[in-house]
Every structure is written in C-alpha cells, then in structure tokens.
Amino acid sequence: MIRVIWLVALVLFGVRALAEDAQKVLSLWGAQGGPWVGHSDIYGPDSPDPQTVALATRWDAVPDRSIVTKIETFTGPNAQTSAVTLMFADADDGDIVTPYFINGRQRDYRFSVESVSITDDTHWTTVIASPGGEEIYEDRPARLRYVRTRNGNVIENTKDVVFLDAGCNGDYELRSYLRQTLEP
C-alpha cells in the first residue's frame, strides 16, 4: 500500500513540475508583448534552399500570462497570409496546447516543455517538443522540436524535425528559422 501511495505522490509531483515549466514558458512568451518584425526561412524536404518570407508578429497575453496570443502575418513574393495562435497549459499533463487558425481552418497542437533557461525576462531560451516523443510530420513518424531564444530585443526560433522511421540517422533537420526584432 505504501508503494502505491509513493507512486501516486511521484506522479502528482511530476505533473505539477511539468505544469510549472509550461507556465514559465507561457509567462516568458507573454512578456514578449508588442510588435516584432523580421523574416522566416522555411525549409522543405526536397531542397536545401529556404523560401524566405517577411514575418510580422504581435504577441499579447492575459494579465497573469496564463493565456498567450500570437497574430502572425507572413508576406511572400506572391501572397500574404495571417494566422492566429492561442497558447495555454493543459492542467492535466502540463503540455502547452496551441490551437492554430489559418485560412479558415483550425489545427490543434500540443507540446511538452523540454527545458527553460532564464537569465531575466528578456534573456532566455525555451525548448518544446512533440509530446510523447512522436507525431506524424510530412507523412512520416517524427519528433518536432522548437527552440526559441530571446536576447534583449531579438528573438530567434528554430523548428527542427528528426524522423523516426527506418533508415533515418537520428539527426535533426532544420525546417524553419525565424529572426525578429521588437519594434520600438
């Protein structure tokens, strides 16, 4: 019986720690409030050369930063597209839930916090990844990882993928890189 009690306590402590990490990440992202401008380099599986698009982003959050919004406008040579992302922590498992709205459609995503490194509110790095370590990406089993670093008024973000099917070497491949600065 004591083992069962210890197991339950460990599980509850683990979920609480994950929820705390998710809230730290949301708080940092929520503190980015305001307009950010820059570009995004988007890499595909068939070409080493990226497609570069201009990117304008506006971050906002509720006062306690438990819910964060991001409105993005991507401007390429032939089109402009906007998207809205809502971000919050799932109280049950500590994942960050991110409903994403673009072109009249909604896609729901989830991410687990891998690490949070904080110097202060404007100097930090967050790493989030596929929960459970696997999802389907480009019609293949894969693990996605997002590394977001803020250094003062500059943000850099990478989206990496490692494929998990046969014949893969286990190395992450870059799928997007963005760099933005906070407008005064």
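Residues numbered from 1 in each chain as written. Predicted model: local features only at pLDDT ≥ 70, side-chain atom pairs only at ≥ 80, totals over all residues. Heavy atoms only, no water.

## Describing the environment of His 123
- Summarising the element assignment, His 123 is placed in strand β7 (residues 123-129).
- Remark: the alpha-carbon pair of His 123 and Arg 150, spanning 27 residues in sequence, is separated by 5.2 Å.
- Once residues within four sequence positions are removed from consideration, His 123 is found in contact with Ser 117, Ile 118, Arg 150, Asn 151 and Gly 152.
- Within the structure, His 123 has its side chain in polar contact with the backbone nitrogen of Gly 152 (distance 3.4 Å). (Helix = DSSP H or I, 4+ residues; strand = E, 2+ residues; numbered from the N terminus. Contact = heavy atoms within 4.5 Å. Polar contact = N/O pair within 3.5 Å; in protein donor to acceptor, adjacent residues only side chain to side chain.)

## A look at unusual backbone geometry
- Within the chain, Arg 65 stands out as a residue other than glycine whose phi angle is a positive 60°.
- Structurally, the position occupied by Arg 65 is in the loop between β2 (47-61) and β3 (67-75).
- Look at Asn 103: it is not a glycine, yet its phi comes out positive at around 50°.
- As for its position among the elements, Asn 103 is in the loop between β5 (96-102) and β6 (105-120).
- Using a relative accessible area of 56% as the deciding quantity, one classes Asn 103 as exposed. (Buried < 20%, exposed > 50% of the residue type's maximum accessible area, 1.4 Å probe, protein only.)

## Section: the pattern of salt bridges
- All chains considered together, the criterion is met by eleven salt bridges.
- Put simply, Arg 110 and Asp 93 hold a salt bridge, and the shortest N to O gap is 3.0 Å. Residue Arg 110 is found in strand β6, and its partner Asp 93 is found in the loop between β4 (80-89) and β5; the two are separated by 17 residues along the sequence.
- The exposure class of Asp 93 is partly exposed, given its relative accessible area of 29%.
- Salt-bridge contacts for Arg 145 lead to Asp 160; the nearest nitrogen and oxygen are separated by 3.3 Å. Remark: Asp 160 occurs in strand β10 (residues 154-163) and Arg 145 occurs in strand β9 (residues 140-151); sequence separation between them is 15 residues.
- If you follow the salt bridges from partner to partner, you end up with Asp 90, Asp 93, Asp 95 and Arg 110 in one network. (Salt bridge = Lys/Arg side-chain N within 4 Å of Asp/Glu carboxyl O.)

## Side note on the nonpolar core
- Within the largest apolar cluster, 28 residues are counted, with the highest numbers of intra-cluster contacts made by Trp 29, Ile 96 and Ile 128.
- No other element matches helix α1 (residues 2-30), which puts five residues into this core.
- Not counting chain neighbours up to four residues away, the residues in contact with Ile 128 comprise Trp 29, Ile 96, Phe 111, Ser 112, Val 113, Glu 114, Leu 144, Arg 145 and Tyr 146. (Core = buried A, V, L, I, M, F, W, Y, C linked by side-chain atoms within 4.5 Å.)

## A closer look at the confidence of the model for the protein chain
- Considering every residue of the protein chain, the mean pLDDT works out to 89; 90% of them sit at 70 or more.
- Ignoring residues within four places in sequence, the model shows residues 4-18, a span with pLDDT below 50, making five contacts including any to other chains. (pLDDT = per-residue confidence, 0-100.)

## Some words on the side chain of Arg 148
- Residue placement: Arg 148 occurs in strand β9.
- One buried charged side chain, Arg 148, makes no salt bridge at all; its nearest oppositely charged neighbour is Glu 72, positioned 7.0 Å away.
- Only 3.3 Å separates the side chain of Arg 148 from the side chain of Asn 157, close enough to count as a polar contact.
- Excluding residues within four positions of it along the chain, Arg 148 makes contact with Trp 29, Gln 32, Trp 59, Trp 124, Thr 125, Thr 126, Ile 155, Glu 156, Asn 157 and Leu 178. (Lys, Arg positive; Asp, Glu negative; His and termini not counted.)

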